[in-house]
Amino acid sequence: MDNQKGVGEMIEFTVLGNYGPYATAQGACSGYLLNANGFQIMLDCGNGSFSKLQKYGDYNKLGILILTHLHPDHYSDIYCLRQALRYQIQEGKRKEPLYVYLPEGPEHLVEEIKSWNDVFAVISLQEAQKAVNDFNLFQLRFFPVQHQIPAYGVQFSVGDQPLLTYTGDTGWFSGLETYCRDSEYLLAEASLREYELAQRGQYHMTARQAAMLAQNSGVKNLVLTHFFPEMNLHQLQREAEQNFDGKIHMSASGKTYILQP
């Protein structure tokens, strides 16, 4: 099958939730929906994201769920998704289990999710990172990032063109720029204020760091996400603008971006 054909008709991603470690009254934690010509991929499934998924997508049409790491603001709505899909399968409205890409720990959570094999078919991110995951219409690449527990970033490509790179939660580390190189969109966390770097910068980034990552990686569009609810988003945007020459987007629930292969 020609990688450039078919999927090129429509590739978009929609923000479901963009807060962490908790959401605002009307918001949700980390969750994003990729639609590749009707094939739907959910990136993370944090608190409240399943509700937003029902507003902006169709959970019964999900083909893949990617959990970048197993902190509650990135995975906890999998419990809701499990119940919904189990009902769909029992009623004969869905025949296939959902493929779930999962990190290797914490072990007790991994084993719990693996045990739901009537609904989920689990794929190890530790193994998946070793090769390009080719789905004919698109490719997925995974890379380890720097966080308190096993965590991964993900890149969505069509052919040789990286269209979207998602950092997940990570601190700045040597080599991160290489994973993001030349992506059309970089979806990067901006969790910290500058004064918090000394205390928490090993595991999270500021808006300035996200912008520097975008600038050094040669990406076209930077989408800032994973906001602490008490933050001043205008201040974050100004910090990013001072360090990136491309276009800066502030993520918001329901916001959709069109990817051009």
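Residues numbered from 1 in each chain as written. Predicted model: local features only at pLDDT ≥ 70, side-chain atom pairs only at ≥ 80, totals over all residues. Heavy atoms only, no water.

Participant: When you look at the pairing of strand 11 (residues 185–189) in this model, what are you seeing that I'm missing?
Facilitator: Looking along a regular strand, one sees side chains alternate from face to face of the sheet. Burial of strand 11 is extensive: five of the five residues sit out of reach of the surface. For strand 10 (residues 161–166) and strand 11, the ladder comprises three bridges, and the chain directions are parallel. Among the inter-strand pairings, Thr165 is bridged to a residue of strand 11, identified as Leu186. In the sheet, strand 11 pairs with strand 12 (residues 221–225) via five bridges, with the strands oriented parallel. If you follow Ala188 over to strand 12, its bridge partner there is Leu224. (Buried < 20%, exposed > 50% of the residue type's maximum accessible area, 1.4 Å probe, protein only. Helix = DSSP H or I, 4+ residues; strand = E, 2+ residues; numbered from the N terminus. Pairing = 2+ DSSP bridges.)

Participant: Mind showing me how you'd approach the side chain of Thr170 here?
Facilitator: You can see Thr170 is positioned in the loop between strand 10 and helix 6 (176–180). Only 3.1 Å separates the side chain of Thr170 from the backbone nitrogen of Gln146, close enough to count as a polar contact. The contacts of Thr170, once residues within four sequence positions are left out, are Val145, Gln146, Leu176, Glu189, Tyr203, His204 and Met205. (Polar contact = N/O pair within 3.5 Å; in protein donor to acceptor, adjacent residues only side chain to side chain. Contact = heavy atoms within 4.5 Å.)

Participant: How should I be thinking about the packing of aromatic side chains in this particular structure?
Facilitator: The geometry of two aromatic rings is summed up by the distance between their centres and the angle between their planes. Counted under the stated rule, the structure contains 14 aromatic pairs. Among the aromatic residues, those joined into a cluster by ring pairs are Phe39, Phe135, Phe138 and Phe156. (Phe/Tyr/Trp six-rings, centres within 6.5 Å; stacked < 30°, edge-to-face > 60°.)

Participant: Could you clarify how one ought to interpret the sheet that holds strand 4 (residues 62–66) in this entry?
Facilitator: Judged by pairing direction, the sheet is mixed, and its seven strands sit side by side in the order 6-5-4-3-2-1-14 without closing on themselves. Edge positions in the sheet fall to strand 6 (120–124) and strand 14 (256–258), since each of these pairs with one other strand and no more. Strand after strand, the sheet turns through a mean of 20 degrees between neighbouring axes, direction not considered. Of the strand pairs in this sheet, strand 2 (residues 31–36) and strand 3 (residues 39–45) are connected by six bridges, and their pairing is antiparallel. Paired with Gly31 across the strands is Cys45, a residue of strand 3. Across the sheet, helix 1 (residues 49–56) touches strand 1 (11–17), strand 2, strand 3 and strand 4, and the angle it forms with strand 1 is around 140 degrees. (Axes fitted to C-alpha atoms, helices over the stretch in contact; angles between N-to-C directions.)

Participant: Can you help me understand the nonpolar core in this one?
Facilitator: General note: in soluble globular proteins, nonpolar side chains tend to be found buried as a group. Residues Phe13, Leu43, Ile66, Phe156, Leu164 and Leu259 are the most contacted members of the largest nonpolar core, which totals 28 residues. Considering each element in turn, this core owes the most residues, four residues, to strand 9 (residues 152–158). By size, the runner-up hydrophobic cluster in this structure holds 26 residues, among which are Leu186, Ala207, Leu213 and Met231. (Core = buried A, V, L, I, M, F, W, Y, C linked by side-chain atoms within 4.5 Å.)

Participant: Just checking my understanding: could you explain helix 1 for this structure?
Facilitator: An α-helix turns once every 3.6 residues. As a result, residues three or four positions apart point the same way. Those residues of helix 1 not exposed but buried are Ser49, Phe50, Lys52 and Leu53. With its buried residues spanning 155 degrees around the axis, helix 1 presents them on a single face. Looking at the buried positions of helix 1, the neighbouring elements they touch are strand 1, strand 2, strand 3, strand 4 and helix 3 (78–90). (Arc of directions from axis to C-beta.)

Participant: Got a minute to help me understand the environment of Arg200 in this structure?
Facilitator: Counting through the fold element by element, Arg200 comes out in helix 7 (residues 197–200). Considering only alpha carbons, one finds Arg200 and Gly171, 29 residues apart in sequence, at a separation of 8.4 Å.

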